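Structural overview for review
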Amino acid sequence: MIRLQNISKTYQTDKVETLALKDINLHVKKGEFLSIMGPSGCGKSTLLNLIGLLDQPGTGAISVDGKEVKSYRDKDVAQLRNRTFGFIFQSFHLINDLHVIDNVELPLLYRSVPAAERRRLAKEALEKVGLGARMEHYPNQLSGGQQQRVAIARAMVGKPQVLLADEPTGNLDSQMGAEVMDHLVKLNQEGTTVVMVTHDEREAKRGSQIIRVFDGQLVA
Ligand code: ADP
Ligand code: ADP
């Protein structure tokens, strides 16, 4: 489904060059749950950002469903990204001035979905993560685990094929982390492809495959 071929990525800050990824080859297959592990600074977030078309590689090619991303125009890349991926992050990235339901509706607003339909889909997504009764709360009135479940609802409301998660339990205690993991596993069982960065070996093992990154390279 998503293929990375001979990918390298260098960051340039002032006069310092950092080689973040080196000659990466990776195939994310439809329906799998891929866990990405490796020490801090090894390139995991960079890799996830490239898979999710949030960033461009220095060299190499990325293709989605057999078509090279480089052949799309910028605005078509944005559309491809929004259609294909949902994102969740360690720090939730919710908007605290907006009710939970309005946070979840946001991706649909960008896609010009009519208001009544937005509300219906957001409600459905929140009910799926067990937060149907919290729609009119503000994010900071919820626990960390509940906030991450709101973020999952927001990521999934547009029914993307792939959910990308960058250390989704990194800010949660073990019980809340386990609840979030249960939701990711359930979404995967229902057909969503999941790619997750984690530091936790036990969490990684709940996926179908583990890849290990060390110093910008895939080592296993
Ligand atoms: P990880 O997610 O495994 O901690 P990252 O992908 O965030 O690793 O970073 C990989 C390497 O690239 C690190 O050396 C990091 O300092 C560097 N890096 C990441 N993002 C940037 C950036 N925007 N500018 C400069 N260097 C960066
Ligand atoms: P994590 O290790 O949890 O993935 P980091 O603290 O390494 O997170 O990075 C958080 C974000 O900051 C990354 O998405 C990356 O783009 C950016 N970043 C990381 N390292 C650097 C750096 N050396 N210079 C500039 N930006 C960086």
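A brief structural summary. (Residues numbered from 1 in each chain as written. Chains lettered and ligands numbered in written order. Predicted model: local features only at pLDDT ≥ 70, side-chain atom pairs only at ≥ 80, totals over all residues. Heavy atoms only, no water.)

Spatially, the 4 strands line up as an open sheet ordered β2-β1-β4-β5, and their pairing is antiparallel. Two strands close off the open sheet at either side, each with one partner strand: β2 (16-28) and β5 (67-68). Here 9 bridges tie strand β1 (residues 2-13) to β2, and the two strands are oriented antiparallel to one another. Its bridge partner being in β2, R3 is matched across the sheet by H27. Strand contacts of helix α1 (residues 44-51): β1, β2 and β4 (59-64), with the helix running at about 55° to β2, the strand carrying the most contacts. (Pairing = 2+ DSSP bridges. Helix = DSSP H or I, 4+ residues; strand = E, 2+ residues; numbered from the N terminus. Contact = heavy atoms within 4.5 Å. Axes fitted to C-alpha atoms, helices over the stretch in contact; angles between N-to-C directions.)

What the largest pocket holds in volume is close to 530 Å³. For the largest pocket, the lining is made up of 20 residues, of which N82, F85, F87, P107 and Y110 are closest to its centre. If you list the elements that add at least two residues to the lining of the largest pocket, you get α2 (74-84), β6 (85-89), α3 (100-110) and α5 (144-156). The residue makeup of the lining of the largest pocket, split by class, is 11 nonpolar, 5 polar and 4 charged. Considered as a void within the structure, the second largest pocket measures approximately 330 Å³ in volume. Forming the walls of the second largest pocket are 18 residues, and the residues nearest its centre are D55, Q56, P57, V69 and K70. For the lining of the second largest pocket, the elements supplying multiple residues, two or more each, are β4 and α2. (1 Å grid on protein atoms, 1.4 Å probe; cavity = no way out; pocket = protein on both sides within 12 Å on 5 of 7 lines; lining within 4 Å. Points joined across faces, edges and corners; volume = space filled by probe spheres on them. Nonpolar A, V, L, I, M, F, W, Y, C, P; charged D, E, K, R; others polar.)

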